[in-house]
Each structure stands twice: as structure tokens, then as C-alpha cells.
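# Summary of the model geometry
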Amino acid sequence: MQEKVVQKEAMPGFLQRLIGTAGTIAPVRQPSGHYLLKPVARADEVALDFPFLYYSAKEYLLPPGEPVLQFGRREGKPFVTPETDTEELILIGLHPCDLNAIWTYDAFFTADQKDDDNFLARRRHMTIVGLDCAKPCDEYSFCADMKTDVAQGGYDALLTDIGEAYFARAATKRGEKLLADMPAATAKHRAALADLAKARPQKFPKRIEFDTAELPRRLEGSYDSLVWTAVARRCYSCGSCVLVCPTCFCFDLKDRLSLNLADGQRERWWDGCMLHAFAEVSGGENFRRERHERLRHRMFRKGKYIAEQIGRPGCVGCGRCDRACTSKISIVATYNQLKGGA
Amino acid sequence: MPVTSPTAEPRTLYTSEIAEVLATRKLTEKEMLFTIRLPGGRDLGHAPGQFVEVSVFGSGEAPISITSPPTQKGDFEICVRRVGLVTGDLHRLEPGAAVGVRGPYGRGFDIREFEGKDILYVAGGLGLAPLRSLIKATLSPALRSKFGRITILYGAKNPGELLYTDELREWQERGDVTCLVTVDRPDEAWRGNVGVITTLFKKLPKTKPANTIVAIVGPPVMYKFVILEVFMVGISESQIRLSLERRMKCGVGKCGHCQMNGLYVCQKGPVFSYSEIKGLREAIR
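Residues numbered from 1 in each chain as written. Chains lettered and ligands numbered in written order. Predicted model: local features only at pLDDT ≥ 70, side-chain atom pairs only at ≥ 80, totals over all residues.

Here we take up the sheet that holds strand β11 (residues 212-217) of chain B. Residues and elements named next belong to chain B. The seven strands are arranged β10-β9-β8-β7-β11-β12-β15 in an open sheet whose pairing can be described as mixed. Across the chains shown, the open sheet's two edge strands, defined by having one partner strand only, are β10 (193-194) and β15 (271-273). Sheet topology note: the strand β12 (residues 240-243)/β15 ladder contains three bridges and is antiparallel. In the sheet register, Leu-242 faces β15, and the bridge partner there is Phe-272. Running at roughly 155 degrees to strand β7 (residues 118-124), helix α2 (residues 128-139) makes contact with β7, β8 (150-156), β9 (177-183), β11 and β12 of the sheet. (Pairing = 2+ DSSP bridges. Helix = DSSP H or I, 4+ residues; strand = E, 2+ residues; numbered from the N terminus. Contact = placed C-beta atoms within 7 Å. Axes fitted to C-alpha atoms, helices over the stretch in contact; angles between N-to-C directions.)

Further remarks concern the interface of chain A and chain B. Taken residue by residue, the interface counts 39 residues in chain A and 35 residues in chain B. If you list the elements that add at least two residues to the side of chain A that touches chain B, you get β4 (65-74), β5 (77-82), α4 (117-124), β10 (251-257), β11 (264-270) and α11 (291-310) of chain A. Top contributing element to the side of chain A that touches chain B by residue count: β10(A), with six residues. For the side of chain A that touches chain B, the class distribution of residues is 19 nonpolar, seven polar and 13 charged. (Nonpolar A, V, L, I, M, F, W, Y, C, P; charged D, E, K, R; others polar.)

Consecutive residues of a regular strand have side chains that alternate between opposite faces of the sheet. Residues and elements named next belong to chain A. Judged from the six bridges that link them, β4 and β5 form a sheet pairing that is antiparallel. Bridge pairing in β5 places Phe-71 opposite Val-80. Turn length for the β4-β5 hairpin, with the two strands adjacent in sequence and antiparallel, is two residues, and the turn residue Glu-75 shows positive phi of about 50 degrees.

Think of an α-helix as 3.6 residues a turn; residues three or four steps apart then line up on the same face. Residue and element names in this part refer to chain A. Turning to α4, its buried residues are Asn-118, Phe-119 and Arg-122. Buried residues of α4, seen end-on, are gathered within an arc of 100 degrees and therefore sit on one face of the element. Against α2 (58-61), β4, α3 (96-108), β7 (126-131) and β11 lie the buried residues of α4. (Buried ≥ 20, exposed ≤ 12 C-beta atoms within 10 Å, placed from the backbone. Arc of directions from axis to C-beta.)

Residue and element names in this part refer to chain A. Here strand β6 (residues 89-94) lies mainly inside the structure; five of its six residues are buried. The pairing of strand β2 (residues 23-29) with β6 spans three bridges and is parallel. Looking at β6, one finds that Thr-24 is bridged to Ile-90. As judged from the five bridges shared by β6 and β7, these two strands associate in the parallel manner. Bridge assignment links Ile-90 to a residue of β7, and that residue is Thr-127.

Moving on to the domain arrangement of chain B. Residue and element names in this part refer to chain B. Its domain assignment divides chain B into domain 1 (17-105), domain 2 (111-243) and domain 3 (246-285). For domain 1 versus domain 3, the separation of C-alpha centres amounts to 22 Å. At the interface, seven residues of domain 1 touch six residues of domain 3. Those elements giving two or more residues to the side of domain 1 that touches domain 3 turn out to be β3 (51-56) and β6 (98-105). Among the elements that take part in the side of domain 1 that touches domain 3, β6 stands out by supplying three residues, more than any other. Classifying every residue of the side of domain 1 that touches domain 3 gives three nonpolar, two polar and two charged. (Domains from an automatic or database assignment.)

What follows covers the environment of B:Leu33. Residue and element names in this part refer to chain B. Among the structural elements, Leu-33 can be located in strand β2 (residues 31-37). In this structure the C-alpha to C-alpha distance between Leu-33 and Ala-129, which are 96 residues apart in sequence, comes to 9.5 Å. In contact with Leu-33, other than residues within four places in its own chain, are Arg-25, Leu-27, Glu-77 and Cys-79.

With that settled, consider unusual backbone geometry. That bond from B:Gly103 to B:Pro104 is cis: its omega, 5 degrees, falls within 30 degrees of zero. Position of B:Pro104 among the secondary structure elements: in strand β6. B:Gly269 connects to B:Pro270 through a cis peptide bond whose omega is 10 degrees. Positive phi outside glycine occurs at A:Leu261, with the angle close to 60 degrees. Within the chain, A:Lys328 stands out as a residue other than glycine whose phi angle is a positive 55 degrees. Along the polypeptide, A:Lys328 turns up in the loop between α12 (320-324) and α13 (331-337). Take A:Lys328: there are 8 C-beta atoms within 10 Å of it, and that puts it in the exposed class.

Before going further, it helps to spend a moment on the sheet that holds strand β4 (residues 60-65) of chain B. Residue and element names in this part refer to chain B. With antiparallel pairing, six strands are arranged side by side in an open sheet as β4-β3-β6-β1-β2-β5. Strand pairing shows two members of the sheet lacking a second neighbour, β4 and β5 (76-81), which therefore form its edges. On average, adjacent strands in this sheet sit at an angle of 40 degrees to one another, irrespective of strand direction. Bridging between β3 and β4 involves six bridges; their strand directions are antiparallel. Along β4, the bridge assignment pairs Val-52 with Ile-64.

Okay, structure coming up:
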């Protein structure tokens, strides 16, 4: 791993050079005060000192709606043409939670020897510059509990604020190229980085009352608990948690027909297991008809199923679901209520 | 073994091939049998119990089980119940029409597990469609001698909903097959058994449970009751195969709709052994 530094006064120039090479997405302060990932044209639009991004980078990795196939008739004969998105894109300023989510995507979308070409095409044309955190974003964060406060993957380069400069680590060839013109890190910079790492545990208090390595066992032991029913009494099945969750990547495939009724495209749209019809089959059987079944399924995915399938986090502790819940349901509080297997 | 035709566009995981509807045959008021040919008459290369994502371009895709046996070459068959947008539009297609096909997907029946054994087939309603693929394979002249006694139990709501009535008659007339059919609600002309599928177990020929393998496909509500009957006969957990219906929207383990607890049914199933799913709370109710 290549280690460089970007001096703070050199950062605007560094960002501006990135912006010049490809479409660039970075945290931008909104009039509402929220920070969102948005396309940027100038370095001074980019915010690096922000509490949290209200939405994750999901929309750039897996757009809410994307064409996967064009179909129609050419000279009377039917045709299909697969569609992939290969626009070069640079993502800047993603926190470790979001980087770890991308690390999860990378494994999930290549799982079962089935490569999701649409995801991979986009991913191969993407450069990701992460931004380390020195403290939790706010009271909703529980990244330290999920062991996702440190990025395990999902980035090409990672910036850590060490005071007068950003410590810059390249994890890929792409990242090395990005940092090629930056000065190498010295022993002093490495010492500053080590000091930050040492101070981490105090700065990231735990919120889950047990080691989350136990989470799969606790969930399994509490499958039949009335906790799910109780929590689900407050749930509207609105899907806000799914919408903001960086590791909720389920989708639907739908056809959109052109006005000529012959041509059109097949599109992939975000979908969510909290929504009523998600597990319904034709003929009307719904395998998760009850709200608590859907809520339990989602929390099992976050705490057990995804990690068991691909060995990477199913929940990155970003706290967005709790922050977005219209009914103040908390995944942290729910996990804390479960004592199954404990 | 999938073969890509040299003229094809670069394919992605979600690229359908354009296939041709060779023939359609109305089986019941709601079910239609389609014979489909892939480009160049390429073999689909499926195992019984696998499914394809079939699309009518502009309406969308639906997962449909393959009803023809692997021994049928040059084309394959699907049996489609008219229930929604895609299946409704499929029913309006005529021979010569183009449909999209992706697959075959999922894990089907492993026919080798049936060799040397007596076979008990249990089909409820549309469940006969996927099971027919396996039934026809095991009854094919080339393979029949590999299996012992073959028993088929089939139930439908009423006589009008019985699928493949011509083949049922054929199976009933064969000396090497016991084929028992029942309906929940008879009409005036019905002379056969009346009652739900489990009532046929009383008429089951004497079986050697230790050497019997069972394949069950039917509506979700049927499994628990049929499996109970199978256990009462003395057959063991590891000798039961069943196919579970879920919403297999993408067919390739990504979209999440078919997930049953932690398993993607389109990847690990739809065919399971009872031993594999007995601990899965969402599998059978």
C-alpha cells in the first residue's frame, strides 16, 4: 500500500485535478444544512469536514432505476441489446461505513459465480477516494459496534486528517495513479496516524450491549420472539430504512415501453423487503405478509444473512435507518432487546 | 453447457435471448402449453425442476418452470397459468411470436438420486408442470429400466383444472406405473377419486419405504400435509425432494425477492431435499 500525504493547502488543487479527469461526485452542503453526494465542478464546492451524508453512495453504484436491456424491432425483426453504464466517475469523501458497504457490494454482485455485469461495468469505471472519520458522525452511528469504523475495502485511496495534512493511502493501482504527484508520507506522518488509531476506541463508544460477533446467534435464538411483533407495531412498512440503507441492494426488473409500443427497455429499480408485495408470488401467496415478518427479515439480513453468504458486513452501522425512520424504530435498540442464544 | 452463438451481442447477466414460440396448446381454461425454440434449435440443457425467465418484451419477465424432459431435444416446453401481466400477454401469443428467454436457472432434481429406487411423485395443481419434466425423463424408454416402481399422485381442484389429461391416461394405462388422480370438487362426469391429494395415500400400493424416493411439487399449502403422509408411510427425511415456489424475479441470486431466510431459492433451489429445509422457518408453514 502506497503512503502519501496531501497537505491541506494542496487539497483544493488536488481536488480540482481530480475533477478535471472525470465526472466527480463529492459531499456538498445543501441549503437545508444536510450534506449529500452531488456532481461537482469546482473544488470549493466539495465539503470534507461534514458530519454525515444523509444518503449513502448507493445511488451511484446501483442507480434507483437503470436500463439493463434495450429491445424492439429492426426491419420487422425483434432485437435485444444489453446496456451497461461505463461512464468514468470519481467518488470523493466517502466515510468508512460507506466504503465497507461498497466492499460488501463487490462480493455480493459477484457471488454464486454470477457476475452482475451492470454493476461491474459501472464499478470498473469508478474511482473511490475515501475519507476516514475521527469520531462517530452523530448519536445514530454504531459503526464501532459493527466493526466498520475502519474501511476494510471499497476504496482506491483513503484520506485521513492528521492535522496539517491528509495521510493518503492508495489501495489500488488507480489510487496510486491518483496520488502519484503527492509527497511520500514521513515517519512524522505515520506517527500522527498511529496516535489517531490509538485514540479511536475512546472516541467511538459502543452502543450495542454485546459483541456483534454474537449477533447471528442472538438473532437465530430470537426468531420467534415477540420483540419483532412489538417493534413492527410501530412500523408503517414505508421502506425509508431500505431507501437510505447502503447495504439494501434488492431490486425489481421492469419493462418500459416506448410510445410506439414496439421499442423499449428493461430497467432495474430499487425495491425493498419491507414493502408489502416484495415476497408475493403470482396467484397471491405472500411469503412475508405480516409486517413483523418483513421487519425481522430485514434485520436478519443486516445482522446475519448477508455476512453468512459473502463474509462481509450486512450492516455497516451508519445509523441512516434509525435516522430516517418515520416511527423512531431503532435497529440498535432492537438488537439490544434480543437475548436469544445469549 | 451454455453455448453463445457467434452473432450474438455481448451478453450480460440480464440479457434475454430471443426465442420463437413454435406451438401453443390450451391445456385448461387457465393454462397454456408453449413449445419454444432457442436460436438455431440449440438445446436448453436443463435439468428437470429448473426454470427459465420468460419475457414478453414490453410486459416484463416471469420465472416459469420447464415442463418438458431433458430428453426432448431441439425445443422445450413451458406450461403457463394466466395470472398476471406477463402471463396474460404470453397467452395472447401465437406460433411464430418472439419471446425472451434467460436460463435455465436454479438447481433442479438430480435424476441420479432416483436411480435404483422406487419413485413416488406427488403433484398438486400446477405443480405437475415442473414434475412432468422429471416424470417423462424417468419414463423415457432409454432411462425407465434404471428406476423401480413408479407411482404418481396428482390432485387438482376440479376436473377442468387437470393438466395433461392425455398423458395422465397414458400413465394410467402403463403396466409399470401407478397413476392416481383426485379432484377436490367433482363434476357430474367425474368417475375418479374425490378429495384432497392426501386422500390418495390410502390407495398407495405397498411400498418399501427404505428404497423409495419422493418428489413433491404443489402449492405452498400442500407441502406440510403431504410430507406428513410421506413420513407416515415410513419414508425418511433424506428421501424427500421438493420444489418451492418463490418470486424469482432475477433468477441469478441478486434481486432478493426469492430469499427464504438466508437462502436465495433461485440459487440453492427451487429443488431441495427435506433435510436441507426442515430448519428453515420460512420454507414450509
